[in-house]
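Residues per chain are reported as follows:
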Number of protein chains: 2
Amino acid sequence: MDDLIFVVGTGPGSISALTFDAKAALDKADTIVGYPVYTNLLKKDFPDKEYIETPMGSEIERCRLCFEESSKGKKVAIVSSGDAGVYGMASLIYEMSGDYPDTEIVTVPGLTAAITGAALLGAPLSNDFAVISLSDILTPKEKIEKRLRKAAEGDFTIVLYNPMSRKRRDNLRKACDIFLEYMEEDRICGWVENIGREGERKVYLSLKELRDADLTMFTTVFIGSSETVMKNGVMLTKRGYEKKE
Amino acid sequence: MDDLIFVVGTGPGSISALTFDAKAALDKADTIVGYPVYTNLLKKDFPDKEYIETPMGSEIERCRLCFEESSKGKKVAIVSSGDAGVYGMASLIYEMSGDYPDTEIVTVPGLTAAITGAALLGAPLSNDFAVISLSDILTPKEKIEKRLRKAAEGDFTIVLYNPMSRKRRDNLRKACDIFLEYMEEDRICGWVENIGREGERKVYLSLKELRDADLTMFTTVFIGSSETVMKNGVMLTKRGYEKKE
C-alpha cells in the first residue's frame, strides 16, 4: 500500500466549513480532482496544487484518473462538495479500488447539505429524517416515487437533494403532488440555496407553495414532519423534551 | 441583540474533526455548556474556558443555564457531539429562545455519526437513506416501529442512533425482528462505536447477527439497502454509475 487517495468532502463551500482533517488531507495532496464548480472554491486556499477537472457525467473517468495519478506516485485528493459518501464519489472509488490493490483509500467526511441546510433553517432534523435525491439519472423514477411515499407515510422530516435541474423541471412538482396525498397544504417546508457560498439564500414556505417553486440544482429542500413548526422565526421539529419535564 | 449563544456540533470526538467555524465559535466563547462526556473531550484544546456540565436528562435546565449566562454578558457555546441539529440541543434552544428576545442564536453544524460512521464503514449512504433513533424516551414506541417499517418498505439504507442503552437492551433486537419481515437474514449491516475517540471500532455483520449483537449507547448501526454490498473490504451502496456508462 504505497499509493494513496484521499476522498474528501469539502462541505458547503466556504473554507471555514472544512474540518481540520479535510484541510490536512488537501494540504498533503499533490493533485486535486473534481467537478470545476467545487475545485474553483479551493484554488485560493490551496494554490500550489495540480488541479484536474472533469465535467459532471464523467464520474468513472474521473475516478480512473485518480487511480492512475496515484499509481504514478502522486498523492491524490478527489473532492465532492458536502460529504463524499452522500451521493458523492466515495462509493465509486471503493467499487473501482479492487483493480488497484496497491492504493489505500482514506475517506474524510464533510458537512452534507442536509446538515448545513438544517442549521440555516433552524432545527428541522431534530427527530427522525429521510434523505432522498430526486435525480432520476441513476435511480428509476418508480423507486424514487416509492421512497417519497414511504417517507411521507412514516412521518419523517424529508430532505430532498437535486430537486430539479434544467432538463427535469417537474420532478419537484411531482414529488409535492405525492406528499399532498399524505400531508396538509400548509405543511411547513423550507429550502436553502448556495449554502456557505455567494448567493446563499433561505426561504420558508408551505408545501402548496413549494409545489410551484422554481429552484436550481444547488438547492436543498426540507419538508417538515407533522411535528415541525415555525417558532421564534425558525423551522424546528420538536424533540419532545417539553413533554417530558 | 447583544447576547449570543453558539449552538455547536463538535463532531465525533477528536478535535481534528471540528470545522474551522466550530473552532472559531469555541475560541470566542467564555463559557462552554454540555454533557460531561463531550465537554471533557474539549478541555485540553480549550483550557481557558468556564465549563458548565449538566447530566443527561436535564436538557431544559441546561438550555436555561445558557440563556441565563448569556444574559449576564457571557458568550456561551452549548455543545452537542455530532451535529447539534440531529437529536441535539439546537431544537430546544430555538424553542426556548422566545423567552429571551435579546439573545442571538448561531448554529454551527458538525459531523453527525451517520456521516462519520459511514466514512469508516465505506460508503453505505451513497443513495437514499433514513435516520431513526431507537430511544423511546421522547418518541412513542409505536411511532418508532412505524418508521422502521416504512424505511424497510422504501428500501432505504437505514442508520440507527441510540440502538440500545443499559435500561433498554431489547430495542435493537425488536427493530431487527421488524426488518427481518422485509429483508433477507444476510442483509449487509455494520456498526461503529466511539468514532474518532479511544476505543474506535467497526464491525461488518449480517442482519441475523446484528439481531443478537450487544452494543452500547455510543454505537451507530447501519442496515444496508437491497443495493448495498461488501466489496473490496468495505460496505458500499451502489450509486449506479456503472450501469450508466
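This structure is a prediction, so every number in the text was calculated from the model and none was measured.

One broad trend across soluble globular proteins is that nonpolar side chains are buried collectively. Among the nonpolar cores identified, the biggest contains 52 residues, and L160 and L210 of chain A together with L160 and L210 of chain B are the most heavily contacted of them. Beyond its immediate sequence surroundings of up to four residues, L160 of chain B is in contact with I132, L134, L148, L172, F179, T219, T220, V221 and I223 of chain B. Core analysis: the second largest hydrophobic core is formed by 37 residues, V86 and I115 of chain A together with A118 and L125 of chain B among them.

This brings us to the sheet that holds strand 13 (residues 234–237) of chain B. All names here are of chain B. With mixed pairing, three strands are arranged side by side in an open sheet as 6-13-12. Both edges of this open sheet fall to strand 6 (122–123) and strand 12 (228–231), since each of them pairs with a single strand only. Two strands pair when backbone bridges link them, and strand 12 and strand 13 are joined in this way by four bridges, in the antiparallel orientation. Pairing of T228 across the sheet is with T237, part of strand 13.

With that out of the way, let us pick up the packing of helix 6 (residues 141–153) of chain A against helix 6 (residues 141–153) of chain B. Packing of helix 6 of chain A against helix 6 of chain B brings their axes to within 9 Å, and their N-to-C directions diverge by 180 degrees. Regarding the angle of helix 6 of chain A to helix 6 of chain B, the classification is roughly antiparallel. Across the interface between the two elements, K146, K150 and E153 of chain A of helix 6 of chain A pack against K146, K150 and E153 of chain B of helix 6 of chain B.

Our next topic: the relation of the copies chain B and chain A. Rotating chain B by 180 degrees and translating it 0.0 Å along the rotation axis places it on chain A, where the RMSD comes to 0.0 Å. Here the two chains are linked by the operation of a two-fold rotation axis. Interface overlap between copies: 100% of the residues of chain B at the interface are likewise at the interface in chain A, consistent with a symmetric, same-surface contact.

Okay, helix 6 of chain B next. Taking 1.5 Å as the rise per residue, helix 6 of chain B with 13 residues should run 18 Å; its terminal C-alpha atoms sit 18 Å apart, in good agreement. Three or more residues of helix 6 of chain B are buried, namely I144, R147, L148, K150, A151 and A152 of chain B. The secondary structure elements touched by the buried residues of helix 6 of chain B are helix 6 of chain A together with strand 7 (129–133), strand 8 (157–161) and helix 7 (171–180) of chain B. Where helix 6 of chain B terminates, the next one or two residues include D155 of chain B, which has phi positive at roughly 60 degrees.

Aromatic ring pairs: the centre-centre distance and the angle between the two ring planes describe each pair. Applying the stated criterion across every chain yields a total of seven aromatic pairs over all chains. Here the aromatic rings of Y35 of chain B and Y38 of chain B are separated by 5.7 Å at their centres, their planes lie at 50 degrees, and the arrangement is tilted. For the pair shown, Y35 of chain B and Y38 of chain B are each scored as buried. With 4.3 Å between their ring centres and 10 degrees between their planes, F67 of chain B and Y100 of chain B make a pair best called stacked. Of the two residues, F67 of chain B sits in helix 3 (residues 59–71) while Y100 of chain B sits in the loop between helix 4 (90–96) and strand 5 (103–108), which places them 33 residues apart along the sequence. In this structure, F67 of chain B and Y100 of chain B share a single accessibility class: buried. If you follow K43 of chain A out to its NZ or CZ, it ends over the ring of Y51 of chain A, 5.3 Å from the centre.

On the chain A side, the residues contacting the 70 residues of chain B number 70 residues. Here chain B packs against chain A, burying approximately 6500 Å² in sum over the two surfaces, 58% of which is carbon and sulfur. The tally of links from chain B across to chain A stands at 14 salt bridges. Close ionic contact of K143 of chain B with E227 of chain A constitutes a salt bridge, the shortest N to O distance being 3.8 Å. Inspection of the region where chain B meets chain A yields 38 residue pairs in polar contact (both at pLDDT 80 or more).

Let's shift gears to empty space enclosed by the protein. Residue and element names in this part refer to chain B. Applying the stated criterion across every chain, the model contains four cavities of 30 Å³ or more. Forming the walls of the largest cavity are T10, G11, G13, S14, I15, L18, Y38, L41, L42 and S81. Across the lining of the largest cavity, the residue classes tally to five nonpolar, five polar and no charged.

In this section: the environment of N171 of chain A. All names here are of chain A. Inspection of the secondary structure puts N171 in helix 7 (residues 171–180). The class of N171 is buried, set by a relative accessible area of 10%. Sequence-wise, N171 and I32 are 139 residues apart; in three dimensions their C-alpha atoms are separated by 33 Å. Of the polar contacts made by the side chain of N171, one reaches the backbone oxygen of L134; its length is 3.0 Å.

Moving on to the sheet that holds strand 5 of chain B. Residues and elements named next belong to chain B. On the basis of which strands lie adjacent, the open sheet formed by five strands has the order 3-2-4-1-5 and parallel pairing. With partners counted over all chains shown, the strands left at the sheet margins are strand 3 (50–53) and strand 5, one partner each. Strand-to-strand twist across the sheet, computed as the mean angle between neighbouring axes with direction ignored, equals 20 degrees. Where strand 2 (residues 31–34) lies against strand 3, four bridges are found, and the strand directions are parallel. For V33, the partnering residue across the bridge sits in strand 3 and is I52. Packed onto the sheet, helix 1 (residues 20–28) meets strand 1 (3–9), strand 2, strand 4 (76–80) and strand 5 and runs at close to 140 degrees relative to strand 1.

If a residue is not glycine, its phi is most likely negative; likewise, a peptide bond is most likely trans. Phi is positive for N162 of chain A, close to 50 degrees, though the residue is something other than glycine. Looking at where N162 of chain A falls in the secondary structure, it is placed in the loop between strand 8 (157–161) and helix 7. A relative accessible area of 27% places N162 of chain A in the partly exposed class. Not every positive phi belongs to a glycine, and D155 of chain B is a case in point at roughly 60 degrees. Its location among the elements puts D155 of chain B in the loop between helix 6 and strand 8.

Note on strand geometry: in a regular strand, side chains alternate between the two faces of the sheet. Residues and elements named next belong to chain A. Within strand 4 (residues 76–80), five of the five residues are buried, which leaves it mostly tucked inside the rest of the structure. Of the two faces of strand 4, the one carrying V76, I78 and S80 and the one carrying A77 and V79 are both buried. Alignment of strand 1 (residues 3–9) against strand 4, held across five bridges, turns out to be parallel. Residue pairing for strand 4: G9 is matched across the bridge by S80. One ladder, built from three bridges, connects strand 2 (residues 31–34) with strand 4; its direction is parallel. Its bridge partner being in strand 4, V33 is matched across the sheet by I78.

About the cut-offs
- Residues numbered from 1 in each chain as written.
- Chains lettered and ligands numbered in written order.
- Predicted model: local features only at pLDDT ≥ 70, side-chain atom pairs only at ≥ 80, totals over all residues.
- Heavy atoms only, no water.
- Core = buried A, V, L, I, M, F, W, Y, C linked by side-chain atoms within 4.5 Å.
- Buried < 20%, exposed > 50% of the residue type's maximum accessible area, 1.4 Å probe, protein only.
- Contact = heavy atoms within 4.5 Å.
- Pairing = 2+ DSSP bridges.
- Helix = DSSP H or I, 4+ residues; strand = E, 2+ residues; numbered from the N terminus.
- Axes fitted to C-alpha atoms, helices over the stretch in contact; angles between N-to-C directions.
- Parallel < 35°, antiparallel > 145°, perpendicular 65-115°, else oblique.
- Least-squares fit on C-alpha atoms with pLDDT ≥ 70 in both.
- Expected span 1.5 Å × (residues − 1).
- Phe/Tyr/Trp six-rings, centres within 6.5 Å; stacked < 30°, edge-to-face > 60°.
- Lys NZ or Arg CZ within 6 Å of the ring centre and 35° of its normal.
- Buried area = accessible area lost by both parts, 1.4 Å probe.
- Salt bridge = Lys/Arg side-chain N within 4 Å of Asp/Glu carboxyl O.
- Polar contact = N/O pair within 3.5 Å; in protein donor to acceptor, adjacent residues only side chain to side chain.
- 1 Å grid on protein atoms, 1.4 Å probe; cavity = no way out; pocket = protein on both sides within 12 Å on 5 of 7 lines; lining within 4 Å.
- Points joined across faces, edges and corners; volume = space filled by probe spheres on them.
- Nonpolar A, V, L, I, M, F, W, Y, C, P; charged D, E, K, R; others polar.

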